[in-house]
Amino acid sequence: MTKRPIIAPSILASDFARLGEECRAIEAAGADWVHIDVMDGHFVPNITIGPDVVKALKPHVSIPFDVHLMIAPADPYVEAFAKAGADLISVHPESGPHLNRTLKLIRSLGCKAGVVFNPSTSPSVIEWMMDEIDLILVMSINPGFGGQSFMTSQLAKIRKLREMIDASGRDIHLEVDGGVTPQTAPLCLEAGATALVAGTAVFKGGPDAYAANIAALRGA
């Protein structure tokens, strides 16, 4: 892709005792979005952040909040995250019986709507609803916790989704999350990704290293 990739650091890898400062630091370092991983200990094996934390962080930065709901059911909580300050809300097809209805709900609350693909989820689930989607997120690890290794099997899925987006004629972000590093980022971008989520690769080394870490991902 020739367009400058969006870099969305995942605060899952940040210092949770200093979340506000960490969000300000990544914005100052050149991040485009703040990626917020919401986990319920049920849909995925971890518990992380709720709407109140999102609301508390919102005044600290001006860049968009990219909220990934790894919760089931998702519908009862969409409004709370929208009101808390989410700009993009992404859900898994497996998190509820009516994906189309969930995406319409997200958009009705003024947010961009995203669909997340687990490693085993087929691109075909969105074939008939591309008009409802603003963001597609491919998980290149199994969701639930950070620090995992990139699954190269997902590159073919990224390519397939890029074909589907191009065929739709819509301006849909194609995001990749999981094991994204300066080494794997080029593979994602070559396959058609336009946005990269990175946790460890951004936050390693502390705040003084964030700008160089982000530049390394973008330059890759």
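Read on for an overview of the structure. (Residues numbered from 1 in each chain as written. Predicted model: local features only at pLDDT ≥ 70, side-chain atom pairs only at ≥ 80, totals over all residues. Heavy atoms only, no water.)

Examining the overall build of the protein chain
Link 1 in the chain: Along the backbone of the protein chain there are 8 helices and 8 strands.
Link 2 in the chain: By the compact-globule yardstick of 17 Å for 220 residues, the protein chain fits well, its C-alpha radius of gyration being 16 Å.
Link 3 in the chain: Summarising its shape, the C-alpha atoms of the protein chain cover approximately 45 × 35 × 30 Å along the three principal directions.
Link 4 in the chain: For the protein chain, contacts bridging at least 24 residues in sequence account for 66% of all contacts bridging at least 6.
Link 5 in the chain: For the protein chain, the exposed area adds up to about 9,300 Å²; of that, 53% sits on carbon and sulfur atoms.
Link 6 in the chain: Taken together, the 18 basic and 24 acidic charged side chains of the protein chain have centroids lying 3 Å from each other. (Helix = DSSP H or I, 4+ residues; strand = E, 2+ residues; numbered from the N terminus. Rg over C-alpha atoms; globule rule 2.2 N^0.38 Å. Contact = heavy atoms within 4.5 Å. Areas by Shrake-Rupley, 256 points an atom, 1.4 Å probe, with all protein chains shown as cover. Lys, Arg positive; Asp, Glu negative; His and termini not counted. Charge placed at Lys NZ, Arg CZ, Asp CG, Glu CD.)

Some thoughts on helix α3 (residues 75-84)
Link 1 in the chain: When we look at burial in α3, the residues that qualify are Val 78, Phe 81, Ala 82 and Ala 84. Taken around the axis of α3, the buried residues stretch over an arc of 155°, which confines them to a single face. Exposed residues pointing more than 90 degrees away from the buried face of α3 are listed as Pro 76 and Lys 83.
Link 2 in the chain: As for α3, its buried residues are in contact with β2 (34-39), α2 (51-57), β3 (65-70), β4 (88-91) and α4 (99-108).
Link 3 in the chain: Within two residues after α3, Gly 85 carries a phi angle of roughly 125°, on the positive side. (Buried < 20%, exposed > 50% of the residue type's maximum accessible area, 1.4 Å probe, protein only. Arc of directions from axis to C-beta.)

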